[in-house]
There are 2 protein chains.
Amino acid sequence: MTALLPEGFRDTLPPFADAAAAVEARVLAAAASHGYERTDPPLAEFADGLGSRLKDGGLRNAVRFVDPVSQRTMAIRPDLTAQIARIAATRMAHHPRPVRLSYAGSVLKLRGDALNPSREMRQLGCELIGLDSIAAAREVVTVAVDALEAAGATGITIDFTLPDLVDTLAPVLPVADVDALRERLDAKDAGGVAALAPAYLPLIAAAGPFPQALERLQAFDTTGILASRIAGLADIVDALGDRVQLTLDPTERHGFEYQTWLGFSLFVAGATREVGRGGTYRVMREDGAEEMATGFTLYADGLGGSASHERRRLFLPYATPAAEGARMRAAGWVTVAALEPGDTPEAQLCTHILDAGVARPLGA
Amino acid sequence: MTALLPEGFRDTLPPFADAAAAVEARVLAAAASHGYERTDPPLAEFADGLGSRLKDGGLRNAVRFVDPVSQRTMAIRPDLTAQIARIAATRMAHHPRPVRLSYAGSVLKLRGDALNPSREMRQLGCELIGLDSIAAAREVVTVAVDALEAAGATGITIDFTLPDLVDTLAPVLPVADVDALRERLDAKDAGGVAALAPAYLPLIAAAGPFPQALERLQAFDTTGILASRIAGLADIVDALGDRVQLTLDPTERHGFEYQTWLGFSLFVAGATREVGRGGTYRVMREDGAEEMATGFTLYADGLGGSASHERRRLFLPYATPAAEGARMRAAGWVTVAALEPGDTPEAQLCTHILDAGVARPLGA
């Protein structure tokens with residue numbers, strides 16, 4: 001039997017595959033309208049090169065194999081952003097900054113995780129390479145929201161975080177064990193935070209709906225060391241108006257360990273987990289220096305459900321002249337030709353039938 | 001250094017990746033207009049299941065790995081059509097025939113070949129499952145030509161072949177060693193054919209531009225055993241009018257070993273090798289029976305070059321209000337915002353600049 005697929009892999013059948021492709025095209029079109037041009041890196045690369053740019057466990061979760069041509073180990077990408085960073089740092093190194101790139105491609109993981117058992121995912125996104133300013137973040141967040149709206153998503157929520165918050169505060173609010181404090185803040189463990197560095201305790205309460213959380217963060221920041229970040233957050237959010245729901249969780253670092261000053265998670269109505277995330281980060285250049293970047297990535301699987309797909313199919317009765325079919329297709333119809341006398345519009349899931357040169361609705 | 005990619009793998013950069021995606025979308029839209037709906041099988045499957053449906057060397061050229069979840073061997077698909085056949089035979093087994101499916105996806109090969117060193121390719125196509133009649137072939141060839149034209153291809157040439165020709169003729173033109181005869185015909189070795197079965201010799205001359213080759217085949221067919229095929233070829237070609245160049249090479253079997261009565265190769269101007277192929281074939285059902293099918297597959301890499309891509313980019317000077325940019329995007333513009341005072345339209349490859357609310361061409 002060949003019907004069984006491995007856990008975490010699946011077939012997408014009609015009409016869902018067309019709907020998913022349409023959603024993806026709309027996301028990329030929204031990105032393109034902001035000047036983000038598509039790049040398409042290969043599915044597989046040399047493992048050492050790819051691994052050097054991967055965050056979050058590197059190649060541990062990647063399919064690897066020996067290349068019979070080079071005798072070197074290759075890996076199937078478990079994530080696309082590392083490849084976009086490579087392209088920006090190598091083949092587009094001499095392109096003036098910022099460079100705006102978009103991408104859409106499949107990624108493969110050896111194992112799924114508890115939240116998402118999928119092992120093949122369609123990853124889409126935008127990277128703005130060369131800047132991590134407030135203006136850069138404002139643009140990237142706007143593109144993400146435009147893309148989600150273009151995908152038909154509703155109830156968009158963005159949850160912001162400040163991934164390097166503890167490092168920023170440590171000079172003015174000394175703490176003996178920074179790593180332990182980060183962990184306790186990640187765990188939202190007020191008792192643990194109080195025991196390690198009570199001055200940080202108000203940060204746990206500075207999470208929730210955006211305006212209130214930002215106010216609490218501002219009240220907490222008596223030294224003013226967070227002033228530029230607080231102003232930046234307010235500025236980014238200002239660009240969004242009332243298009244999205246906003247929350248702030250300034251100490252949230254899970255999955256943002258490699259972001260610099262800003263991180264955000266994207267949620268939409270109807271999806272059971274986040275549909276994407278983004279933030280500011282560093283790209284390693286080939287000369288060993290680093291440059292700043294800002295971007296977001298979406299997992300298309302979370303978006304598919306929000307697409308509605310109307311299926312209008314015009315049945316061409318047996319022996320309909322080819323030119324008649326061509327005429328109806330040119331007028332925008334999807335035609336389904338009977339290739340045998342016994343074929344029926346019902347069997348071919350048609351909504352209309354060509355009758356004396358006119359598309360007549362079926363079952364009407 | 002992370003810049004080096006393995007042989008046969010490459011990055012597609014702006015503006016070529018957007019152009020390739022547009023070509024792919026147009027091919028799929030042409031297929032969709034004939035009722036072919038997209039299916040999207042996974043990149044990887046269990047190796048034994050996938051291998052049982054693969055022609056042409058099976059998994060020999062596929063990346064394989066052990067699935068840590070099931071402890072079974074999995075393979076990355078080296079070809080997509082085997083998966084479409086699986087879907088038709090399993091998950092869509094109860095769908096009335098014919099089933100019309102399209103697909104577009106990446107395939108991976110361990111080794112390239114002499115004609116094409118690429119090891120990752122983008123494969124697109126259509127399969128009509130349940131029929132291999134002349135009407136089916138006529139539709140599939142028409143869809144292929146519509147798809148190539150939609151992709152912007154010119155100089156389309158179709159080379160037809162009759163893959164099971166020798167098997168069909170053997171009952172009326174007996175030959176001792178059928179395999180040896182097939183080989184000599186494949187090699188266009190007139191001396192070898194003459195030595196084995198001189199009656200088959202005229203077939204070598206029955207190759208070339210379509211009408212003449214078909215006439216020669218008809219003259220050769222004194223028993224009339226090929227009459228239905230000859231009539232079928234004429235009928236298929238009739239549907240194409242003068243949209244394409246046509247050739248016939250009735251004994252050509254290379255790469256068509258698994259086709260049944262009809263095979264064809266697709267060529268376009270500017271491509272150095274065939275851009276696709278198709279024909280009639282058998283699909284194995286889960287109950288062990290077979291059903292007939294007709295389809296074609298395209299390799300998108302051969303098509304990309306024929307796409308022209310106009311790049312119009314509107315520069316939004318620093319501090320342009322967000323609403324101004326949104327207004328220009330809504331009017332169809334690609335906008336590129338200056339995020340720093342020093343950014344320039346030239347650096348951002350812009351063709352226009354927003355000037356007092358109006359898009360003004362640059363360098364004009």
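All residue numbers here refer to positions counted from 1 along the written sequence of the relevant chain. Chain letters start at A and ligand numbers start at 1, both assigned in the order the entries are written. Given that this is a predicted model, residues contribute local features only at a pLDDT of at least 70 and side-chain atom pairs are listed and counted only at 80 or more, while totals for whole chains, interfaces and linings are drawn from all residues. Only hydrogens and water are set aside; all other atoms, that is, all heavy atoms of the structure, feed into the side-chain values.

Moving on: the overall build of chain A. For chain A, the count of helices and strands is eleven helices and 16 strands. Overall, the C-alpha framework of chain A stretches about 85 × 55 × 45 Å when taken along its three principal axes. Put simply, chain A has 364 residues, and 54% of those count as buried. Here the accessible surface of atoms and residues is derived via Shrake-Rupley with a 1.4 Å probe, and residues count as covered only by protein chains that are part of the display. About 15000 Å² of surface is accessible on chain A, with carbon and sulfur atoms providing 54% of the total. In chain A, 35 side chains carry a positive charge and 46 a negative one; their mean positions are 4 Å apart. Secondary structure elements follow DSSP: runs of H or I of four or more residues count as helices, runs of E of two or more count as strands, with numbering from the N terminus. For the exposure calls, accessible area comes from a 1.4 Å probe over protein chains only, and a residue counts as buried if that area is under 20% of its type's maximum, exposed if over 50%, partly exposed in between. Charge assignment: positive for Lys and Arg, negative for Asp and Glu; neither His nor the chain ends contribute. One atom stands in for each charge, and that atom is NZ of Lys, CZ of Arg, CG of Asp or CD of Glu.

Residues and elements named next belong to chain B. Locating Ala176 in the fold gives a position in the loop between α5 (165-169) and α6 (178-186). The exposed category is assigned to Ala176, whose relative accessible area is 87%. For Ala176 and Ala197, which are 21 residues apart along the polypeptide, the C-alpha to C-alpha distance reads 8.2 Å.

Whenever Lys or Arg places a side-chain nitrogen within 4 Å of a carboxyl oxygen from Asp or Glu, that contact is recorded as a salt bridge. Tallying each qualifying case throughout the model produces 54 salt bridges over all chains. Residue Arg86(A) is joined to Glu45(A) by a salt bridge in which the shortest nitrogen-to-oxygen separation is 2.7 Å. Here Arg86(A), found in helix α3 (residues 81-89), pairs with Glu45(A), found in strand β2 (residues 44-46); they are 41 residues apart in sequence, far enough to count as distant. Across the pair, exposure class does not vary: Arg86(A) and Glu45(A) are buried alike. Here Arg97(B) makes a salt bridge to Glu291(B), at a shortest N to O gap of 2.7 Å. With a gap of 194 residues between them, Arg97(B) in the loop between α3 (81-89) and β5 (99-108) and Glu291(B) in strand β12 (residues 290-299) connect regions that are remote in the sequence. One network of salt bridges, with partners in common, ties together Asp11(A), Glu45(B), Arg86(B) and Arg91(B).

For chain A, mean pLDDT is 93; residues scoring 70 or higher make up 97% of the total. Per-residue confidence from the predictor is given as pLDDT, running between 0 and 100. For chain A, per-element mean pLDDT is lowest for helix α6 (residues 178-186) of chain A, which scores 92, and highest for strand β13 (residues 314-316) of chain A, which scores 98.

Residues and elements named next belong to chain A. Strand order in this open sheet of four strands is β14-β13-β15-β16, and the pairing throughout is mixed. In this open sheet, the two strands that pair with only one neighbour each are β14 (335-337) and β16 (358-361). Looking at each pair of strands side by side, their axes are set apart by 35° on average, direction ignored. Taken together, the two bridges between β13 and strand β15 (residues 352-355) define a ladder with parallel strand orientation. Opposite Phe315, over in β15, you have Ile353 as the bridge partner. Pairing between two strands requires that DSSP report at least two bridges joining them. Lines are fitted to the C-alpha atoms to define the axes, a helix being fitted only along its stretch in contact, and any angle between axes, read from their N-to-C directions, falls within 0 to 180 degrees.

The next point concerns the environment of Leu101(A). With respect to the element layout, Leu101(A) can be found in strand β5 (residues 99-108). Once the C-alpha coordinates of Leu101(A) and Gly295(A) are considered, the two residues, 194 residues apart in sequence, prove to be 9.3 Å apart.

All names here are of chain A. UniProt positions are given in the numbering used here, feature names are shortened, and annotations may be inferred rather than shown by experiment. Mapped onto this structure's residue numbering, the UniProt feature "binding site: L-histidine" (unreviewed entry) falls at Asp79, Leu80, Thr81, Gln123 and Glu127. Taken together, the annotated residues stretch across 49 residues yet fold into one region, lying no more than 13.6 Å apart by C-alpha. Those residues in contact with Thr81, other than ones at most four positions away along the chain, are Tyr103, Gln123, Glu127 and Thr297. Note on placement: Glu127 falls in strand β6 (residues 120-129). Accessibility expressed as a relative area gives 3% for Glu127, which makes it buried. In this description, contact between two residues means that some pair of their heavy atoms is separated by no more than 4.5 Å.

The next subject is the domain arrangement of chain A. Examined at the domain level, chain A breaks down into domain 1 (16-41 + 80-163 + 206-306) and domain 2 (314-361). Measuring from the centre of the C-alpha atoms in domain 1 of chain A to the corresponding centre in domain 2 of chain A gives 45 Å. Those domain boundaries reflect an automatic or database domain assignment.

What follows covers the relation of the copies chain B and chain A. Least-squares superposition aligns the copies on the C-alpha atoms of those residues with pLDDT at or above 70 in both. Screw-axis analysis of chain B against chain A gives a translation of 0.0 Å along the axis, an RMSD of 0.0 Å, and a rotation angle of 180°. What the superposition gives is, in effect, a two-fold axis relating one chain to the other. If distances are taken from each C-alpha of chain B to the rotation axis, the shortest is found for Phe65(B), at 3.6 Å. Take the interface residues of chain B: 100% of them recur as interface residues in chain A, which is what a same-surface contact looks like.

What follows concerns unusual backbone geometry. Here the residue pair Pro14(A) and Pro15(A) is connected by a cis peptide bond, since its omega of 0° sits within 30 degrees of zero. In this fold, Pro15(A) is placed in the segment before α1 (16-33). Cis peptide bonds are those with omega within 30 degrees of zero, and the linkage from Arg97(A) to Pro98(A) qualifies with -5°. When you line up the elements, Pro98(A) lands in the loop between α3 and β5. Notably, Lys188(A) is not glycine yet its phi reads approximately 50°, a positive angle. Residue position: Lys188(A) is located in the loop between α6 and α7 (190-196). Residue Lys188(A) is classed as partly exposed on the basis of its relative accessible area, which comes to 32%. Its identity is not glycine, yet Ala356(B) carries a phi of approximately 55°, on the positive side. With respect to the helices and strands, the residue Ala356(B) is situated in the loop between β15 (352-355) and β16 (358-361).

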